[in-house]
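# Survey of secondary and tertiary structure
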Amino acid sequence: MAVRPIVRADNPILRKKSRKVQRFGRSLQNLIDDMVETMHAAHGVGLAAPQIGVSQRVIVIQLPEDEEDPQSGKLYVLCNPEIVRTAGEEEEGEEGCLSVPGFVGDVRRATVVTVKGLDSKGRKIRIRAEGLLARAFQHEIDHINGVLFIDRVDSPEKIRRIVPMEEQKPQEASQKEPAL
Ligand code: ZN
């Protein structure tokens, strides 16, 4: 396992549609392991393969432990994920991205989504996600389609500059939501 460098918004790989995963073997597992380790090292709650320079439809998400959210703490790994259903109201919420350090934006997202995909062994999975987890799935699935959160804000004033997580002193927690 290895922590890999996270590519920034100006890298063209983040603007491409990623390729579908076709083989579910050792090299896919290595990619997933590296993605999880890289996400943890960056204190992120989600990561898509193109963010470490790999144009494949793989995403990982792990929300920080929260007693009130049963979806938190669990590691979600999905290959070829697709949103098959959205429900509930759309909600505007603050979002950050590990590939856009130093900025957050207010992004409208569906509050409930059903996602289907395959696990690391190619077995079918289907997840109903709400709130922050639903937001994370929409953000990561955007990544494998070449879309960034900055494309989704209604107006430029909804993007704000913040002190990135890695440069923060403990007393100045200006980044409230973890980055994806
Ligand atoms: Zn992101």
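Everything that follows concerns the structure shown earlier in this document.
A short tour of the structure in this document, coming up. (Residues numbered from 1 in each chain as written. Predicted model: local features only at pLDDT ≥ 70, side-chain atom pairs only at ≥ 80, totals over all residues. Heavy atoms only, no water.)

### Digging into the side chain of Asp142
On the secondary structure map, Asp142 appears in helix H2 (residues 131-144). A distance of 2.9 Å separates polar atoms of two side chains, one belonging to Asp142 and the other to Arg109. Among all residues touching Asp142, those that are not within four sequence positions of it are Arg109, Val147 and Arg152. (Helix = DSSP H or I, 4+ residues; strand = E, 2+ residues; numbered from the N terminus. Polar contact = N/O pair within 3.5 Å; in protein donor to acceptor, adjacent residues only side chain to side chain. Contact = heavy atoms within 4.5 Å.)

### Concerning the coordination of the zinc ion
Surrounding the zinc ion are the protein donor atoms Cys97 (SG), His139 (NE2), His143 (NE2) and Leu180 (O), which sit 2.0 to 2.2 Å from the metal. Geometry at the zinc ion is tetrahedral, judged from its 4 donor atoms and the angles of 87 to 125 degrees they form at the metal. On the primary sequence, the residues serving as donors to the zinc ion are separated as C-x41-H-x3-H-x36-L. With His139 in helix H2 and Leu180 in the segment after strand E6 (159-161), this residue pair connects regions lying 41 residues apart in the sequence. Overall, the relative accessible area of 2% leaves His139 in the buried class. Here Leu180 falls in the buried class, since its relative accessible area comes to 3%. (Donors = N, O, S within 2.8 Å, 3.2 Å for Na, K, Ca; no water. Tetrahedral: all angles 85-135°; square planar, octahedral: opposite > 155°, others 65-115°. Buried < 20%, exposed > 50% of the residue type's maximum accessible area, 1.4 Å probe, protein only.)

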